[in-house]
Amino acid sequence: MVGDLLAVILLAPLAAVLGCLLLHRPRFVEWLNLAAALAVFVAVLRLLPWALSGPYLFWHGYLIVDPLGAWVLLSVSSVYLLASIYAIGYMRSTGEDQRLYRFYALFAGFALTTLAGPLMNNIGVYWIAIELTTLVSTFLVCFELGRESVEAAWKYMVIVSAGISLALLGIVFYYWGGSLVLGDTYDLTWSALRQVAPRINPTIGLMAFLLVLIGFGTKVGLAPMHTWLPDAHSEGPAPVSAMLSGALLNTAMIGIARFIQVSDAAHLGSLPRAVVVTIGAFSLFVAALFITRQTGIKRLMAYSSVEHMGIMALGFGFGGPLGIAGALYHMLAHSLSKSLMFFGAGNAMHAFHSKHISDIRNALSRMPKSGLLWLAGAIAITGAPPFGLFPSELTILRAGVMGPHSWAALVMLILLIVIFVGFLNHFRAMYFGPSESVTLAATDALTTKPLGLWCLLPMWMALVPLLLLGLWWPQAFSRYFTVIAAQLASTGTSP
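Keep in mind that this is a model prediction, so the values were computed, not measured. Within each chain, residues carry numbers counting from 1 in the order of the written sequence. Only residues with pLDDT of at least 70 are given local features in this predicted model, and only at 80 or more are side-chain atom pairs given and counted; all residues enter the totals for whole chains, interfaces and linings. Note that water and hydrogens are dropped before the side-chain values are worked out from all heavy atoms of the structure.

J.: Would you explain the overall build of the chain in this entry?
T.: Put simply, DSSP marks the helices as runs of H or I at least four residues long and the strands as runs of E at least two long, and each gets a number from the N terminus on. Along its length, the chain carries 20 helices and two strands. To get the radius of gyration, use the C-alpha atoms; to get the globule rule, take the number of residues to the power 0.38 and multiply by 2.2 Å. Taken over C-alpha atoms, the radius of gyration comes to 22 Å for the chain, in line with the 23 Å a tight globule of 495 residues would show. When the backbone C-alpha atoms are referred to their principal axes, the chain occupies close to 70 × 55 × 40 Å. Relative accessible area decides the class of each residue, using a 1.4 Å probe on protein chains only: under 20% of the type maximum gives buried, over 50% gives exposed, and in between gives partly exposed. Expressed as a percentage of the 495 residues in the chain, the buried residues total 61%. Using the Shrake-Rupley algorithm and a 1.4 Å probe, accessible areas are obtained, with residue cover drawn only from the displayed protein chains. For the chain, the computed accessible surface area is about 18,100 Å², with 70% contributed by carbon and sulfur atoms. Counting rule applied: Lys, Arg positive; Asp, Glu negative; His and chain ends not counted. Lysine's charge is taken at NZ, arginine's at CZ, aspartate's at CG and glutamate's at CD. Seen as two clouds, the 25 positive and the 19 negative side-chain charges of the chain have centres 5 Å apart.

J.: Any chance you could explain the environment of Tyr303 here in plain terms?
T.: One can find Tyr303 in helix α12 (residues 297-318). In this structure, the C-alpha to C-alpha distance between Tyr303 and Ala288, residues 15 residues apart in sequence, is 8.2 Å. Any pair of residues with heavy atoms lying within 4.5 Å of one another is described as a contacting pair. In contact with Tyr303, not counting residues within four places along its chain, are His226, Pro230, Ala287, Phe290, Ile291 and Gln294.

J.: Before we go on, may I ask you to explain the pattern of salt bridges in this structure?
T.: When charged atoms on two side chains of opposite charge get close, those side chains can pair. A side-chain nitrogen of Lys or Arg and a carboxyl oxygen of Asp or Glu constitute a salt bridge if their distance falls within 4 Å. A complete count under the given rule lists eight salt bridges for this structure. Glu30 is the salt-bridge partner of Arg27, the closest N and O atoms lying 3.8 Å from each other. In this pair, Arg27 and Glu30 are both assigned in helix α2 (residues 26-51), three residues apart and thus about one turn of the helix distant. With relative accessibility at 38%, the residue Arg27 sits in the partly exposed group. A relative accessible area of 0% means that Glu30 is categorised as buried. Of the charged contacts in the structure, one is a salt bridge between Arg258 and Asp66, with a shortest N-O distance of 2.9 Å. Here Arg258, found in helix α10 (residues 238-265), pairs with Asp66, found in the loop between β2 (63-65) and α3 (67-94); they are 192 residues apart in sequence, far enough to count as distant. For Arg258, a relative accessible area of 6% corresponds to the buried category.

J.: Which parts of the structure should I look at to understand the packing of helix α6 (residues 147-182) against helix α8 (residues 202-220)?
T.: In a pair of packed helices, the angle between the axes and the distance between the axes together describe the arrangement. Two elements in contact, α6 and α8, have axes whose closest approach is 7 Å; the angle formed by their N-to-C orientations is 155 degrees. Accordingly, the angle class assigned to the pair α6 and α8 is roughly antiparallel. As α6 packs across α8, the resulting crossing turns out to be left-handed. Following the grouping adopted for this structure description, the nonpolar residues are Ala, Val, Leu, Ile, Met, Phe, Trp, Tyr, Cys and Pro, the charged ones are Asp, Glu, Lys and Arg, and the polar ones are all others, Gly among them. Here the contact of α6 with α8 is composed, by residue class, of 20 nonpolar, six polar and one charged. The axes used here are C-alpha line fits, helices contributing only the stretch in contact, and every angle between their N-to-C directions lies in the interval 0 to 180 degrees. In these notes the angle categories are as follows: under 35 degrees is roughly parallel, over 145 is roughly antiparallel, 65 to 115 is roughly perpendicular, and the rest is oblique. Each helix crossing is assigned a hand: it is left-handed if the near helix lies turned anticlockwise from the far helix by less than a right angle, otherwise right-handed if that turn is clockwise.

J.: Explanation requested: the packing of α6 against α10 in the structure shown.
T.: Contact geometry of α6 with α10 gives a least axis separation of 13 Å together with a crossing angle of 20 degrees. With respect to α10, the axis of α6 lies roughly parallel. Crossing geometry of α6 relative to α10 is assigned as left-handed. Only Leu244, Leu248, Phe259 and Val262 of α10 make contact with α6, whose side of the interface consists of Tyr156, Ile171 and Tyr174.

J.: Got a minute to help me understand the state of the cysteines in this structure?
T.: Simply put, the disulfide is a covalent bond whose two ends are the sulfur atoms of two cysteines. Throughout, a disulfide means two cysteine sulfur atoms within 2.5 Å of one another. For the structure on display, the rule yields zero disulfides. Cysteine Cys142 is unpaired, with the sulfur of Cys20 as its nearest cysteine sulfur at 18 Å. Among the cysteines around Cys455, which has no disulfide bond, Cys20 carries the closest sulfur, lying 18 Å off. What makes Cys455 buried here is its relative accessible area of 2%.

J.: I would appreciate a short explanation of the side chain of Ser84 in the present structure.
T.: With respect to the helices and strands, Ser84 occurs in helix α3. Setting aside anything within four residues of it in sequence, one finds Ser84 in contact with Asn33, Leu34, Ala37 and Phe107.

J.: Whenever I open this one, unusual backbone geometry confuses me. Can you help?
T.: Excluding glycine, residues mostly have negative phi values, and the peptide bonds linking residues are mostly trans. Ala223 connects to Pro224 through a cis peptide bond whose omega is 5 degrees. Note on placement: Pro224 falls in the loop between α8 and α9 (228-235). Between Pro385 and the following residue, Pro386, the backbone shows a cis peptide bond with an omega angle of 10 degrees. Not every positive phi belongs to a glycine, and His60 is a case in point at roughly 60 degrees. Residue position: His60 is located in the loop between β1 (56-58) and β2. Judged by relative accessible area, which is 76%, His60 ranks as exposed.

J.: Looking at this model, I keep getting lost on the packing of aromatic side chains. Mind explaining?
T.: Within a pair of aromatic rings, the relevant descriptors are the distance that separates the centres and the angle that separates the planes. Any Phe, Tyr or Trp ring, taking Trp's six-membered ring, that has another such ring centre within 6.5 Å forms a pair; planes under 30 degrees apart are called stacked, those over 60 apart edge-to-face, and the others tilted. For the structure shown, the criterion picks out 31 aromatic pairs. Measuring from ring centre to ring centre gives 5.0 Å for Trp71 and Phe477, while their planes differ by 90 degrees; the resulting arrangement is edge-to-face. Placement of the pair is Trp71 in helix α3 and Phe477 in helix α20 (residues 475-489), with a sequence separation of 406 residues. For the pair formed by Trp71 and Phe477, the shared burial category is buried. Judged by centre distance (5.8 Å) and plane angle (65 degrees), the ring pair of Tyr126 and Trp190 falls under edge-to-face. Here Tyr126, found in helix α5 (residues 123-141), pairs with Trp190, found in helix α7 (residues 190-196); they are 64 residues apart in sequence, far enough to count as distant. Taken individually, Tyr126 and Trp190 each receive the classification buried, so the pair is uniform in this respect. Among the aromatic side chains, those forming a connected cluster through ring pairs are Trp71, Tyr329, Trp473, Phe477, Tyr480 and Phe481. One Lys or Arg, Arg25, reaches over the ring of Phe28 and ends 5.4 Å from the middle of that ring. Consider the ring centre and the ring normal. A charge sits over the ring if Lys NZ or Arg CZ is within 6 Å of that centre and within 35 degrees of that normal.

J.: Please explain the nonpolar core as it appears in this structure.
T.: Note on terminology: a nonpolar core comprises buried Ala, Val, Leu, Ile, Met, Phe, Trp, Tyr and Cys residues joined through side-chain atoms within 4.5 Å. In this structure, Trp71, Phe216, Phe259, Trp374, Phe423 and Phe427 are the most contacted members of the largest nonpolar core, which totals 187 residues. Considering every element that reaches this core, the biggest residue donor is α3, with 18 residues.

This is the structure in structure tokens:
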């Protein structure tokens, strides 16, 4: 059963890629990609209860299905489905029928790489999967072929590839340290590395951890390695931005979580977790600085991603059942809320013909339906009740206060307040600011044809679960988080 579901998760987007490349009909490729996204989402939902009794190994041990990986798949598949629905309306509005098959082939391929990453059991192959996400998504970032989008894609590829190279060097250090114990050749799986970690030279182990943290932290968008993220997220099409923020970053974050487990197994002391916590707090600090003074809509959302990746890093760095539960709950809630926010930003850019905050005024009068949803999403993304990010942030704060890094919990609380005020101040200006400052671009937007149901439906589909997650923490999730926390705390042998 698990193998069948795994086949659907990987083969459905692959079939969509091949179908889009073979058949160039615009309506066919958008429906084919949507069917693949729906199939993946249903398969992941069915996989979740089975994964609790894992881990399961497939394809000679190269693929693994465990609770942590399955949870990341839930977040990724949710964004893939929402973004696929939104992409139909968004791409139709651009009139890109001639190149539409390329977009959906790349989009499904990007989804395939983000789905494959959490399933990789061999650390080297996991690195390859992360690098493939960069190669495929680069073409999506610059799909609109504007000067700024091409520059953003180039910057994205160079910075992330440099960071990933450091991650590869860290993996080589891990392999070298293990070879001094196990011999010249062995399978570098997650379980094998955990088992040999206590016998690896501590200096080698610490150096390897710092390298993989910086490398995969670059992909996650943690400060100060985040500089590619605002450009890439702001210049790509809105559905691509949602995938970059809600899916790609989670695929890289799971690697950091697994390497923290390896460092615990190696008994390296408190330094590895202290570094993760410090980088997480610094990411929040950088995000707060740029959010309060931001001028672009999508760049505002991008720096919000830096903030929330920092919060997740704090959760995994604090550790323990509360830290892990808060980080995982935050992962799903952030994926939903950031999808909603990028969809709203795409609608606003369509309505006002601008991506500058100063050009958007009286947003509700121009886009009354999606404007309300976007405003609700803005409240949700700042961690305010009654939405899903509030209980996750509260849980992470509790984990920080109860642990040895209580200073980071205090810093987190202060910066969350600053971000709350700064972020919503931008929306106050866009919704209730004086209209005389609006430029000609916004005036011309009065004749813009409103986007249809395809661009409104996924916003509802993201907002309703966000509200439910804020009002009710499912007991099934608690059991799931308990199992994952126990596995991440374990340093013994596993299949």
